[in-house]
Amino acid sequence: MYHGNSIRLLAGNSHPELAQSVAERLGVPLTPCMPQKFSNGEINVKIAESVREEDVFIIQSGCSDVNDNLMELLILISACKTASARRITAVIPCFPYARMDKKDKSRAPITAKLVANMLVVAGCDHVITMDLHASQIQGFFDIPVDNLFSEPLMLSYIRRHIDGWQNSIVVSPDAGGAKRVTAVADKLGVEFALIHRKRDGKSENAPERMELLVGDVRDKVAILVDDMIDTGHTLTLAARTLHDKGAKSIHVLISHGLFAEADMASLESLPIEHIVVTNTTPQKQHSNQCSKLITIDISSTIAESIRRTHNGESISLLFGEWANGRGLDMVI
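Residues numbered from 1 in each chain as written. Predicted model: local features only at pLDDT ≥ 70, side-chain atom pairs only at ≥ 80, totals over all residues. Heavy atoms only, no water.

If you check an unreviewed UniProt entry, the chain appears there as ribose-phosphate diphosphokinase from Paxillus rubicundulus Ve08.2h10. Turning to the chain, the UniProt annotation filed under Sequence similarities (unreviewed entry) states: "Belongs to the ribose-phosphate pyrophosphokinase family." As its UniProt record puts it under Catalytic activity (unreviewed entry), the chain is described as follows: "D-ribose 5-phosphate + ATP = 5-phospho-alpha-D-ribose 1-diphosphate + AMP + H(+)". (UniProt positions renumbered as here; feature names shortened; annotations may be inferred.)

Printed below as a string of structure tokens:
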């Protein structure tokens, strides 16, 4: 299965379940490493086995305690670099600070660029991530970046699990997601719609509402697609707008389910059938709080990207029919 030097899989504390699942799919054990904290909060890392001249992949997602997880990743990369690893690949299913990808107002930081610089300085040679908030983040790096997509798995889910998807309409909750929803709609052969969010007044504290700009959702299966859910505020406004406009049913598909400030009980009460998210971040706790939450397993895509990277093979296959064929075992 592999050639040349062997694969070494390391994992931080952000998402051990995903790391273990990837390791099992590859048939490669996780290399023992113990990220720990000193009493003052400083992070210490001990790698139990040699990584000299090995092809190292470090799995760490930017979720929950994002700053601690980022520092863990940087320290693990640095430790492997000074231990003479041949190549170090950071596997970051959910890229931290991805929403801060541009200077949208005076004195605003471009923190995604700062994260890219820190990864390179730490000694990272390659980055594998998934569904970047903005594709231009790849240009922040001077090293190769593979941005995988959950879209093929989402398409497979729609075709297998959403009744009446042939009479559906794919909806974006904002204009920024137009490219994403049109790509999904084209591949399904259905229409798309855009929702515009606006404030009832000029003040930043004025109440928000949404209005349908493009598309007619009446008597159709509405499939709301977005890349990230954090507070759930946008989802709440969009779901109510679609319901008021006469959608037959509403299904929500999100790449990264952060739910950092979301009220899961409020999401449970929304007029939607399901909220489908990937496990780029841990979802067990959220699933226990919301019966409408369904998780799609992306470990097969991550594992295959690692295998192909190690063997020097193209990963473009992961963007198409290969991932669609994994749909039978993707729901967890």
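**Some points on helix H6 (residues 233-244)**
Taking 1.5 Å of rise per residue, the twelve residues of H6 would be expected to cover 16 Å, and the 17 Å separating its terminal C-alpha atoms lies within 8% of that figure. Residues of H6 that are buried include every one of Leu235, Thr236, Leu237, Ala238, Ala239, Thr241 and Leu242, and no others. Gly246 occupies a position one or two residues after H6 and carries a positive phi of about 90°. (Helix = DSSP H or I, 4+ residues; strand = E, 2+ residues; numbered from the N terminus. Expected span 1.5 Å × (residues − 1). Buried < 20%, exposed > 50% of the residue type's maximum accessible area, 1.4 Å probe, protein only.)

**Details of the side chain of Thr309**
Among the structural elements, Thr309 can be located in helix H9 (residues 299-311). Look past the residues within four positions of Thr309 in its chain and what remains in contact with it is Phe57, Arg87, His126, Ile128, Asp146 and Ile315. (Contact = heavy atoms within 4.5 Å.)

**As for the state of the cysteines**
The bond known as a disulfide is covalent and runs between the sulfur atoms of two cysteines. One pass over the structure, following the stated rule, counts zero disulfides. Summary of cysteine pairing: Cys94 is not part of a disulfide, and the nearest cysteine sulfur, belonging to Cys63, is at 6.9 Å. According to the relative accessible area criterion, Cys94 is buried, its value standing at 3%. For Cys124, which is in no disulfide, the shortest distance to another cysteine sulfur is to Cys80 and amounts to 10 Å. The buried category is assigned to Cys124, whose relative accessible area is 3%. (Disulfide = S-S within 2.5 Å.)

**Quick word on the sheet that holds strand S7 (residues 145-148)**
Taken together, the five strands give an open sheet; going across it, the order is S1-S4-S5-S6-S7, and neighbouring strands pair in parallel fashion. Looking at the sheet topology across the chains shown, the edges are occupied by strand S1 (7-11) and S7. Between one strand and the next, the sheet's axes are offset by a mean angle of 20°, whatever the strand orientation. With four bridges connecting them, strand S5 (residues 87-92) and strand S6 (residues 126-130) associate as parallel partners. Its bridge partner being in S6, Ile92 is matched across the sheet by Thr129. (Pairing = 2+ DSSP bridges. Axes fitted to C-alpha atoms, helices over the stretch in contact; angles between N-to-C directions.)

**Focus on the packing of helix H2 (residues 66-82) against helix H3 (residues 111-122)**
For the pair H2 and H3, the least separation of the axes is 8 Å and the interaxial angle reads 25°. Between H2 and H3, the angle falls in the class roughly parallel. Within the contact between the two elements, H2 uses Leu70, Leu73, Leu74, Ile77, Ser78 and Lys81 and H3 uses Val115, Met118, Leu119 and Ala122. (Parallel < 35°, antiparallel > 145°, perpendicular 65-115°, else oblique.)

**Some thoughts on the domain arrangement of the chain**
In many reports, interface size means the accessible area that the parts give up when they come together. Here the chain is described as being made up of domain 1 (7-148 + 298-324) and domain 2 (151-197 + 209-296). Computed from C-alpha atoms alone, the centre-to-centre distance between domain 1 and domain 2 is 27 Å. Taken residue by residue, the interface counts 19 residues in domain 1 and 19 residues in domain 2. The interface formed by domain 1 and domain 2 holds one salt bridge in total. A salt bridge links Asp230 to Arg99, with the nearest nitrogen and oxygen atoms 3.1 Å apart. Summed over the shared surface of domain 1 and domain 2, the number is eight residue pairs in polar contact (both at pLDDT 80 or more). When residues of the side of domain 1 that touches domain 2 are traced back to their parent elements, those giving at least two are H9 and helix H10 (321-324). For the side of domain 1 that touches domain 2, the per-class residue count stands at nine nonpolar, eight polar and two charged. (Domains from an automatic or database assignment. Salt bridge = Lys/Arg side-chain N within 4 Å of Asp/Glu carboxyl O. Polar contact = N/O pair within 3.5 Å; in protein donor to acceptor, adjacent residues only side chain to side chain. Nonpolar A, V, L, I, M, F, W, Y, C, P; charged D, E, K, R; others polar.)

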